[in-house]
Amino acid sequence: MNRDKPGIRRAVFTPVDTLARVDAVVRRLGDAIDLGLLADGEQLPGETELAAQLGVSTVTLREALMSLRQQGLVTTRRGRGGGSFVTVPDGPAEDRLRARLSDWSTEELRDLSDHWAAVSGAAARLAAQRTEPEDLEPLNRSLEELTRAEDTAARSRIYGRFHVELAAAAQSARLTRAEVTLQTEVGALMRLVLGEDGYLGDVLDRHRAVISAVHDGEENRARDLAEQCVRTSMTRLIELRLGSAHGARGPRPKEDLHGERAPSRNRLGDGS
């Protein structure tokens, strides 16, 4: 299903960061596909147009599209009616996600949690001020889809999409772009914490409460509920990170839930 909401699409197709542009384009488009912001089978803009929208050269874009094709996220057809088309995968493998999670320290995850909560909270507060009942249809639709989703890949896509749609409901292009950027950092990782049906029920209750507060124009309550939703999920992610003995690059120093690293033992004096 194509969810062509202008605010969301503008956020996906905005200039990427100046450093490591090929990787930035791959991550921006790849995560947008994984989150369901770009629909299966959807045709991407032409190379010249897409390169201009992302603020990169056509050479950089072509390298990024090649990488996306190798990952099975994009299919390119030649000739009349051709172009680059989205291919929605089943989702990134869990071992890849755990390796990605291990690259974050708990301090970094806490900082990300603060940022995400601030963005989602502000979006919910503004949405409560500015939306009409019909503007909440995408949020209600995502809530229903999340209720029916059985696999963690679909759940993480819908979870992330809900927060992007909440930012779009705030009618703030900057908040929507910020939410899309956050989802490219952490959205896929939510697959690691949305596997339990019991926790999914808690998420559904929180999302339902956010929609209700926005609908009723309760600005502060909407903000608090959205922040709470994010912080609860991030706390579970931090707990999972702490439970990982080894990351993709080997073990890291032990940390507590507040991101403090335990002092390392002196190898010369520990008898080893």
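Residues numbered from 1 in each chain as written. Predicted model: local features only at pLDDT ≥ 70, side-chain atom pairs only at ≥ 80, totals over all residues. Heavy atoms only, no water.

Asks: Break down helix α9 (residues 173-186) for me, with residues and values.
Replies: Given a rise of 1.5 Å per residue, 14 residues ought to cover 20 Å, and the 20 Å separating the end C-alpha atoms of α9 matches this to within 8%. For α9, every residue scored as buried is listed here: Leu175, Thr176, Glu179, Val180, Leu182, Gln183, Thr184 and Val186. (Helix = DSSP H or I, 4+ residues; strand = E, 2+ residues; numbered from the N terminus. Expected span 1.5 Å × (residues − 1). Buried < 20%, exposed > 50% of the residue type's maximum accessible area, 1.4 Å probe, protein only.)

Asks: Describe unusual backbone geometry, listing the residues and the values that go with them.
Replies: Within the chain, Gln171 stands out as a residue other than glycine whose phi angle is a positive 60°. Structurally, Gln171 is set in the loop between α8 (152-169) and α9.

Asks: Can you lay out the nonpolar core for me, pointing to particular residues and giving the numbers?
Replies: Counting residues in hydrophobic clusters, the biggest one holds 52 residues, and the most contacted among them are Trp116, Leu166, Val186, Leu189, Met190, Met234 and Leu237. Mapped by element, the contributors of at least two residues to this core are α5 (94-102), α6 (106-130), α7 (137-148), α8, α9, α10 (197-215) and α11 (219-242). The element best represented in this core is α6, accounting for 10 residues. Counting 26 residues, the second-largest nonpolar core is a separate cluster that includes Val12, Val25, Leu44 and Val56. (Core = buried A, V, L, I, M, F, W, Y, C linked by side-chain atoms within 4.5 Å.)

Asks: Talk me through the packing of aromatic side chains; I want residue IDs and the actual numbers.
Replies: Counted according to the given criterion, the structure contains one aromatic pair. Here Trp116 and Tyr159 contribute two aromatic rings whose centre-to-centre distance is 6.2 Å and whose plane-to-plane angle is 80°, an arrangement assigned as edge-to-face. Of the two residues, Trp116 sits in helix α6 while Tyr159 sits in helix α8, which places them 43 residues apart along the sequence. For the residue pair Trp116 and Tyr159, the accessibility class agrees, reading buried in each case. Above the plane of the ring of Tyr199 lies Arg236, whose end atom (NZ or CZ) is 3.9 Å from the centre. (Phe/Tyr/Trp six-rings, centres within 6.5 Å; stacked < 30°, edge-to-face > 60°. Lys NZ or Arg CZ within 6 Å of the ring centre and 35° of its normal.)

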